[in-house]
Amino acid sequence: MPCVRCVQMVKMPCSYRPAVDKILMVKQILSEFRLKKEELKEVMKRMQREMDRGLRLETHEEASVKMLPTYVCSTPEGSEVGDFLALDLGGTNFRVMLVKVGEDEERSWKVETKNQMYSIPEDAMTGTAQMLFDYIAECMSNFLDRHHIKHKKLPLGFTFSFPVRHEDIDKGILLNWTKGFKASGAEGNNVVGLLRDAIKRRGDFEMDVVAMVNDTVATMISCYYEDRSCEVGMIVGTGCNACYMEEMRTVELVEGEQGRMCVNTEWGAFGNNGELEEFRLEYDRVVDETSINPGQQLYEKLISGKYMGELVRLVLMKLVNEDLLFNGEASELLKTGGSLETRYVSQMESDTGDRKQIYNVLSSLGVLPSELDCDIVRLVCESVSTRSAHMCAAGLAGVINLMRERRSEEALKITVGIDGSVYKLHPCFRDRFHKIVRDLTPHCEITFIQSEEGSGRGAALISAVACKMAASILTH
């Protein structure tokens, strides 16, 4: 006969046992999101393989990771001074920025910025290229008026965060629109040419467009201003992408063997050739099938803020259907695609333990959850966002390890500049991401810098470099 103490230990309230069983069943379903270290190493190796294919002339066209040359070869050194304009177009809002690059009393470099945000109307996003670029030129004119600088012909750095094949630092062909843009007559054309034409049509100001860059490149350059070891730029926000300084001898799409050039990986498309099939879950397939670009940007769809909230919603719906959540009943709002935004995931994971944040979010979605429901929803959020951080880390580790191999260095010391809403605003993404990157790069010493105003400031600094290089060519 067992002792009284043992009997007391195993005796549980009737309501407790089903709760424990429920949590165990939920954890079993969520275990699919957990990636072992060996699996992350495999993702990293496949990423490196596709990067190499993207760099090589003979395999570039079929590679999922396009490795686009940016023609950014020099980084700011501190002697570039003057006023520059920056234009940042990468989503439904865009920024015009005045950047003053100068020296302070100690003769160290300083950068001052003034900026204005403008929203792009739907008809400009989905109409014609002329409509879109005329609207951008109109906003630029407005900005120049407000700052009383319309009389100046300033150098302009243009951050354009869509896939572009560069032919020079100020010439790039738009490969395809993403992020809901569909302006006709832009794909296959030189984007800088479209902007110059729009400025010319207005005729009320002049502008010297000296450089066009991707937001990852602008972020890297902006952070290089803070830390001279910064040779990688990364965005984890609505989208996900990275760039880095590659050895010129491996960039077969561009002539030249000496030095380094910044390469825009466009790694969001990794997986488009089937490289991620065994890692994609049923929820990922639904997200992809219901997106505006099925079969494309598959790596990005596992990671970025555009899809994280919807992945969480789909998992919650599965748990409802399995009778493990909300008494088996979902609200009409929760059943609606896109209703659970990624910012809600950040909010729920920020909950301090009293479940108020989780309760408030679920209430706004028409659900009245129990305490157990709140705990389960938090587990779902953590599973989805942790996989996102780990998948993203495997990609970056692949880039950094490749850089170390290329340079034949026993230990690589490097800084990564990062921007984007998921990285900046999610309460746990950063720490989870940093840990796995470091786990997968044992011979590297990595510093992470969060970019401030990266896209605009970086574009202006690249313009400063481009102007100085042009002046140097003219002098010599």
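One can find the structure itself at the top, above this paragraph.
Report follows, based on the coordinates. (Residues numbered from 1 in each chain as written. Predicted model: local features only at pLDDT ≥ 70, side-chain atom pairs only at ≥ 80, totals over all residues. Heavy atoms only, no water.)

1. Digging into the overall build of the protein chain
Moving on, step 1. Within the protein chain, the secondary structure is distributed over 16 helices and 13 strands.
Moving on, step 2. Here the protein chain, with 476 residues, has 55% of them falling under the buried criterion.
Moving on, step 3. Long-range pairs, those at least 24 residues apart, make up 70% of the contacts in the protein chain between residues at least 6 apart in sequence.
Moving on, step 4. For the protein chain, the exposed surface amounts to about 21300 Å²; the carbon and sulfur share of it is 49%. (Helix = DSSP H or I, 4+ residues; strand = E, 2+ residues; numbered from the N terminus. Buried < 20%, exposed > 50% of the residue type's maximum accessible area, 1.4 Å probe, protein only. Contact = heavy atoms within 4.5 Å. Areas by Shrake-Rupley, 256 points an atom, 1.4 Å probe, with all protein chains shown as cover.)

2. Observations regarding the environment of Ala397
Moving on, step 1. Examined against the element boundaries, Ala397 turns out to sit in helix H13 (residues 371-406).
Moving on, step 2. Judged by relative accessible area, Ala397 falls into the buried class, the value being 0%.
Moving on, step 3. With sequence-adjacent residues up to four places away left out, Ala397 is seen in contact with Met44, Val437, Leu440 and Thr441.

3. What about the packing of aromatic side chains?
Moving on, step 1. Scanning the entire structure with this criterion turns up 14 aromatic pairs.
Moving on, step 2. Ring geometry for Phe429 against Phe433: centres 5.8 Å apart, planes inclined by 20 degrees, an arrangement best described as stacked. With Phe429 and Phe433 both in helix H15 (residues 429-440) and four residues apart, this pair spans about one turn of that helix. Like Phe433, Phe429 is buried.
Moving on, step 3. Joined through ring pairs, the aromatic side chains of Phe158, Phe160, Phe162, Trp177 and Phe181 make up one cluster.
Moving on, step 4. Positioned above the aromatic ring of Tyr423 is the side chain of Arg430, whose terminal nitrogen or guanidinium carbon lies 5.8 Å from the ring centre. (Phe/Tyr/Trp six-rings, centres within 6.5 Å; stacked < 30°, edge-to-face > 60°. Lys NZ or Arg CZ within 6 Å of the ring centre and 35° of its normal.)

4. Let's talk about the nonpolar core
Moving on, step 1. Ranked by size, the top nonpolar core spans 90 residues in total, and within it Tyr244, Trp267, Leu396 and Phe433 carry the most contacts.
Moving on, step 2. Here this core gets 17 residues from one element, more than from any other, and that element is H13.
Moving on, step 3. Ignoring sequence-local partners within four residues, the contact set of Leu396 consists of Val232, Met234, Trp267, Val416, Phe433, Val437 and Phe448.
Moving on, step 4. Grouped together as the second largest cluster of nonpolar side chains are 41 residues, Ile136, Cys139, Val164 and Ala198 included. (Core = buried A, V, L, I, M, F, W, Y, C linked by side-chain atoms within 4.5 Å.)

5. Some points on helix H6 (residues 191-202)
Moving on, step 1. When the terminal C-alpha atoms of H6 are compared, their 17 Å separation across twelve residues agrees well with the 16 Å that a helix rising 1.5 Å per residue should span.
Moving on, step 2. Along H6, the residues that are buried comprise Val191, Val192, Gly193, Leu194, Leu195, Ala198 and Ile199.
Moving on, step 3. With a side-chain oxygen lying 3.2 Å from the backbone nitrogen of Val192, the N-terminal cap of H6 falls on Asn190.
Moving on, step 4. Following H6 by one or two positions, Gly203 has its phi on the positive side, about 75 degrees. (Expected span 1.5 Å × (residues − 1). Polar contact = N/O pair within 3.5 Å; in protein donor to acceptor, adjacent residues only side chain to side chain.)

6. Brief notes about the environment of Gln297
Moving on, step 1. Within the secondary structure layout, Gln297 lies in the loop between helix H8 (282-289) and helix H9 (298-303).
Moving on, step 2. A relative accessible area of 13% places Gln297 in the buried class.
Moving on, step 3. Distance from Gln297 to Ser64, taken between C-alpha atoms, is 9.1 Å for residues 233 residues apart in sequence.
Moving on, step 4. Those residues within four positions of Gln297 in sequence are excluded, and the remaining contacts are Gly268, Ala269 and Asn272.

7. Some details on the packing of helix H3 (residues 37-55) against H13
Moving on, step 1. One can describe the packing of H3 onto H13 by two numbers: an axis separation of 8 Å at closest approach and a directional angle of 55 degrees. As the angle between them shows, H3 and H13 are arranged oblique. Here the hand of the crossing between H3 and H13 comes out right-handed. Within the contact between the two elements, H3 uses Leu40, Val43, Met44, Met47, Gln48, Met51, Asp52 and Leu55 and H13 uses His390, Met391, Ala394, Gly395, Ala397, Gly398, Val399, Asn401, Leu402, Glu405 and Arg406. (Axes fitted to C-alpha atoms, helices over the stretch in contact; angles between N-to-C directions. Parallel < 35°, antiparallel > 145°, perpendicular 65-115°, else oblique. Left-handed = near helix turned anticlockwise from the far one by under 90°.)

8. Let's talk about the pairing of strand E6 (residues 164-168)
Moving on, step 1. Taken together, the four bridges between E6 and strand E7 (residues 171-174) define a ladder with antiparallel strand orientation. For His166, the partnering residue across the bridge sits in E7 and is Gly172.
Moving on, step 2. Counting the residues in the hairpin turn of E6 and E7 gives two residues. (Pairing = 2+ DSSP bridges.)

9. Brief notes about the pattern of salt bridges
Moving on, step 1. In this structure the tally under the stated criterion is 37 salt bridges.
Moving on, step 2. Residues Asp288 and Lys301 are paired through a salt bridge, measuring 2.8 Å at the closest nitrogen-oxygen approach. A residue pair is termed long-range when its members are at least 10 positions apart, and Asp288 in helix H8 and Lys301 in helix H9 qualify at 13 residues. There is no split in this pair, since Asp288 and Lys301 are both buried.
Moving on, step 3. Note that Arg378 and Glu382 form a salt bridge whose closest N and O atoms lie 3.0 Å from each other. Taken together, the residues span about one helical turn, with Arg378 and Glu382 both in helix H13 at a distance of four residues.
Moving on, step 4. What emerges from the salt-bridge pattern is a single network uniting Glu231, Glu247, Arg249, Arg260 and Arg407. (Salt bridge = Lys/Arg side-chain N within 4 Å of Asp/Glu carboxyl O.)

10. A word on the pairing of strand E10 (residues 240-247)
Moving on, step 1. Burial analysis of E10 places eight of its eight residues in the buried class, the great majority of the element.
Moving on, step 2. Burial along E10 is two-sided: the residues Cys240, Ala242, Tyr244 and Glu246 and Asn241, Cys243, Met245 and Glu247 are all buried.
Moving on, step 3. Across five bridges, the pairing between strand E9 (residues 230-236) and E10 is antiparallel. Within E10, the residue paired with Val236 across the bridge is Cys240.
Moving on, step 4. Alignment of E10 against strand E11 (residues 260-264), held across five bridges, turns out to be antiparallel. Each residue of the ladder has a partner; that of Glu247, found in E11, is Arg260.

11. Regarding the environment of Val232
Moving on, step 1. Relative to the helices and strands, Val232 resides in strand E9.
Moving on, step 2. We classify Val232 as buried; its relative accessible area is 0%.
Moving on, step 3. The residues touching Val232, leaving out its near neighbours within four places in the chain, are Met220, Cys243, Tyr244, Leu396, Met403, Ile414, Thr415, Val416 and Gly417.

12. Some words on the sheet that holds strand E13 (residues 444-450)
Moving on, step 1. Across the sheet, six strands lie side by side as E1-E11-E10-E9-E12-E13; this open sheet has mixed pairing. Each having just a single partner strand, strand E1 (68-69) and E13 make up the two edges of the open sheet.
Moving on, step 2. On the sheet, helix H7 (residues 215-224) packs against E9, E10, E11, strand E12 (412-419) and E13 and is oriented at approximately 130 degrees with respect to E9.

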